Amino acid sequence: MTDSLADPHLRFPGAAPEAGTAPRDIVILGSTGSIGTQAVDVVLKNPGRFRVTALAASGGRAELLARQARQLGVRTVAVAREEALPVLREALRAAYGAGEPLPEVLAGPDAATELAASDCHTVLNGITGSIGLAPTLAALEAGRVLALANKESLIVGGPLVRAVARPGQIVPVDSEHSALFQALMGGTRAEVRKLLVTASGGPFRGRSRAQLADVTPEEAMAHPTWDMGPVITINSATLVNKGLEVIEAHLLYDIPFERIQVVVHPQSAVHSMVEFTDGSTLAQCGPPDMRLPIALGLGWPERVPEAGPVFSWTEAMSWDFYPLDTQAFPAVPLACHVGATGGTAPAVFNAANEECVEAFLAGRLPFTGIVDTVAAVVEEHGTPDGTGLTLPDVLAAETWARARARELAARPATAPAEARA
């Protein structure tokens, strides 16, 4: 696995704590989101193992952020939205009470990036969206262990991440990639035949494309297994999220797209599998609870005892597996095409999707129009040139893709062939 960005056989220097040492210092980015709140839960249950030095969030949930800061005793709190600063300061004063010193407060679009490079052992990047790229690069360049839950930063900036990441520096936190990470410990890279990425199938598993035409945002938000934020939940319903995960698996483990397969598994008990050349398949299983991969990301290379729930093996269970219906859910083959194209194409795919999800939630775009519009933007973008990728390239491609996706999403749904094909 030596060519991989995430190699379970490697240990980043200093990653293993000495027995009896002080708790590991952690920075949590995106602390008020789904990943962040569960990471805080893991830390609070393990005060002797972890110590959070800083928190970053968008700023929309100031009271929660202030409460987290007080519970964890952090040194610094950051919000991306400067207009949220007055509300945050008021929330901090209420949470801490009179006479208690408040943490340092940072605000602005670069605040999370600054914290990512601050003095700590591990940075958990739980930010949603490609805005997590700059903090990812900052953490890697500063020599921090990166517990990566922000798949978009790797997807849109894969070559940039590869250029600065050192062996063993990235530990994946997505449940599927954490599962692959653990299963890959069972063999060498040369022995890997296939990565099998499992998908719950979302709330619309088994429906045809025609049956998806009138899906409402409320229906799409009702995920049968996982409790996630709105963007990730809609991405799971369209299977865009699974397409992004296939690209991420390719980048993390350096396995060609033709050897990465999506398997629909409604129970979400098997989080992913690795098929080896001798015919054996290793699977990582567990209840659908993100605290398990989060704890592994924070504690690696050690496991955190009692991090989450376990199966009751004295009770009957059955697990099902189905092939992916790419006609009803074309996001995965589209993502494979985008990932193989490389360059700025993944950034265009991701940015266009974020805009289309917003349009769908606002009632401006039908459910099937999400992936259709993304495909139209990707096709219009074309094949990137062969020059080296830069951060300005990524940002420019995203800006164009967002604008173009908004234009296409605003067109009447009665003209799909012109607007979204």
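Residues numbered from 1 in each chain as written. Predicted model: local features only at pLDDT ≥ 70, side-chain atom pairs only at ≥ 80, totals over all residues. Heavy atoms only, no water.

S.K.: If you had to explain the overall build of the protein to someone new, which residues and values would you point to?
M.R.: In terms of helices and strands, the protein carries 17 helices and 12 strands. For 421 residues, the compact-globule formula gives about 22 Å, and the C-alpha radius of gyration of the protein, at 21 Å, lands near that figure. Dimensions of the protein, computed from C-alpha atoms along their principal axes, come out at roughly 65 × 55 × 50 Å. Residue burial in the protein is summarised as follows: out of 421 residues, 55% are buried. Of the contacts made within the protein by residues no fewer than 6 positions apart, 71% connect residues no fewer than 24 positions apart. Counting 32 positive and 46 negative side-chain charges, the protein places the averaged centre of each group 3 Å from the other. (Helix = DSSP H or I, 4+ residues; strand = E, 2+ residues; numbered from the N terminus. Rg over C-alpha atoms; globule rule 2.2 N^0.38 Å. Buried < 20%, exposed > 50% of the residue type's maximum accessible area, 1.4 Å probe, protein only. Contact = heavy atoms within 4.5 Å. Lys, Arg positive; Asp, Glu negative; His and termini not counted. Charge placed at Lys NZ, Arg CZ, Asp CG, Glu CD.)

S.K.: Describe the environment of glutamine 38, listing the residues and the values that go with them.
M.R.: As for its placement among the helices and strands, glutamine 38 is situated in helix α1 (residues 34-44). Judged by relative accessible area, which is 19%, glutamine 38 ranks as buried. Distance in space between the C-alpha atoms of glutamine 38 and isoleucine 294 is 7.8 Å, their sequence separation being 256 residues. Setting aside its immediate chain neighbours within four residues, glutamine 38 contacts Asp289, Met290, Arg291 and Ile294.

S.K.: Account for the packing of aromatic side chains, naming residues and giving values.
M.R.: Following the criterion strictly, the structure yields 6 aromatic pairs and no others. For the ring pair phenylalanine 204 and phenylalanine 367, a centre distance of 5.2 Å and an interplane angle of 75° mean the geometry is edge-to-face. Placement of phenylalanine 204 in the loop between β8 (192-199) and α9 (217-220) and of phenylalanine 367 in helix α15 (residues 367-381) is noted, with a sequence separation of 163 residues between them. When the ring of phenylalanine 311 is compared with that of tryptophan 319, the centres are 5.7 Å apart and the planes differ by 50°; the resulting orientation is tilted. (Phe/Tyr/Trp six-rings, centres within 6.5 Å; stacked < 30°, edge-to-face > 60°.)

S.K.: Describe the nonpolar core, listing the residues and the values that go with them.
M.R.: Membership of the largest hydrophobic core comes to 98 residues, with the highest contact counts inside it found for Leu29, Ile170, Leu195, Tyr253, Phe349 and Phe367. Of the residues forming this core, the biggest block, 10 residues, is contributed by helix α14 (residues 345-361). With residues near it in sequence (within four places) discarded, leucine 195 still touches Leu180, Leu184, Ala249, Tyr253, Ile255, Arg259, Ile260, Gln261, Met273 and Val274. Counting residues in hydrophobic clusters, the runner-up holds 34 residues, among them Ile26, Val52, Val74 and Ala307. (Core = buried A, V, L, I, M, F, W, Y, C linked by side-chain atoms within 4.5 Å.)

S.K.: Lay out the sheet that holds strand β2 (residues 50-57) in plain terms, naming residues and giving numbers.
M.R.: Strands sit in the order β4-β3-β2-β1-β5-β6-β7 across an open sheet of 7 strands; the sheet is parallel. Whereas interior strands pair on both sides, the edge strands pair on one side only; in this sheet they are β4 (104-107) and β7 (170-172). Direction aside, neighbouring strands of the sheet carry axes that sit 20° apart on average. Looking at chain direction, strand β3 (residues 76-79) and β4 are connected through 4 bridges and run parallel. Counterpart to alanine 78 in the pairing with β4 is leucine 106. Sheet strands in contact with helix α5 (residues 133-141) are β1 (24-29), β5 (122-125), β6 (145-148) and β7, and its direction is about 150° off that of β6. (Pairing = 2+ DSSP bridges. Axes fitted to C-alpha atoms, helices over the stretch in contact; angles between N-to-C directions.)

S.K.: How would you explain helix α11 (residues 240-253) if you had to name every residue and give the values?
M.R.: For α11, built from 14 residues, the straight-helix expectation of 20 Å at 1.5 Å per residue is met to within 8% by its first-to-last C-alpha distance of 20 Å. Here α11 lies mainly inside the structure; 13 of its 14 residues are buried. Immediately beyond the C-terminal end of α11, within one or two residues, lies aspartate 254, with a positive phi of roughly 55°. (Expected span 1.5 Å × (residues − 1).)

S.K.: Explain the pattern of salt bridges residue by residue, including any values.
M.R.: In the structure shown here, the tally under the stated rule is 18 salt bridges. Aspartate 174 is the partner of lysine 151 in a salt bridge, and the nearest nitrogen-oxygen pair spans 3.3 Å. Within this pair, whereas lysine 151 is found in helix α6 (residues 151-156), its partner aspartate 174 is found in the loop between β7 and α8 (175-183), the two being separated by 23 residues in sequence. Relative accessible area serves as the criterion here: at 3%, lysine 151 is assigned to the buried category. Two residues, glutamate 355 and arginine 402, come together in a salt bridge whose shortest N-O distance is 3.3 Å. Of this pair, glutamate 355 sits in helix α14 while arginine 402 sits in helix α16 (residues 391-410), and the two are 47 residues apart along the sequence. Among the residues examined, glutamate 355 registers a relative accessible area of 12% and is labelled buried. When salt bridges with common partners are traced through the structure, they connect Asp41, Lys45, Asp289 and Arg291 into a single cluster. (Salt bridge = Lys/Arg side-chain N within 4 Å of Asp/Glu carboxyl O.)

S.K.: How would you summarise the packing of α8 against α11 if you had to cite specific residues and measurements?
M.R.: Direction vectors running N to C along α8 and α11 enclose 35°, while the axes themselves pass 10 Å from each other. Judged by the sense of rotation from one axis to the other, the crossing of α8 with α11 is right-handed. Between α8 and α11, the residues in contact are Glu176, His177, Leu180 and Phe181 and Lys242, Glu245, Glu248, Ala249, Leu252 and Tyr253, respectively. Considering only residue class, the contact of α8 with α11 consists of 5 nonpolar, 1 polar and 4 charged. (Left-handed = near helix turned anticlockwise from the far one by under 90°. Nonpolar A, V, L, I, M, F, W, Y, C, P; charged D, E, K, R; others polar.)

S.K.: Can you lay out the pairing of β6 for me, pointing to particular residues and giving the numbers?
M.R.: Burial along β6 is two-sided: the face carrying Val145 and Ala147 and the face carrying Leu146 and Leu148 are both buried. The pairing of β5 with β6 spans 4 bridges and is parallel. Across the sheet, asparagine 125 pairs through a bridge with leucine 148, a residue of β6. As for the winding sense of the linkage, the β-α-β connection from β5 through α5 to β6 is right-handed. Pairing of β6 with β7, which is carried by 3 bridges, proceeds in the parallel orientation. Counterpart to leucine 148 in the pairing with β7 is proline 172. (Right-handed = clockwise from strand over helix to strand, strands pointing away.)

S.K.: Hey, could you go over the confidence of the model for the protein for me, with residue numbers and the actual values?
M.R.: Put simply, the protein has an average pLDDT of 92, and 94% of its residues get 70 or more. Low pLDDT, under 50, characterises residues 414-421; the predicted model gives this stretch 17 contacts beyond four residues in sequence or across chains. (pLDDT = per-residue confidence, 0-100.)

S.K.: Give me the lowdown on the sheet that holds strand β12 (residues 322-323), citing residues and values where you can.
M.R.: With mixed pairing, the 5 strands of this open sheet are ordered in space as β11-β10-β8-β9-β12. Both outer strands of the open sheet, β11 (281-285) and β12, are each paired with one neighbouring strand and no more. Pairing between strand β10 (residues 270-276) and β11: 5 bridges, direction antiparallel. Bridge pairing links serine 272 to glutamine 284 in β11.

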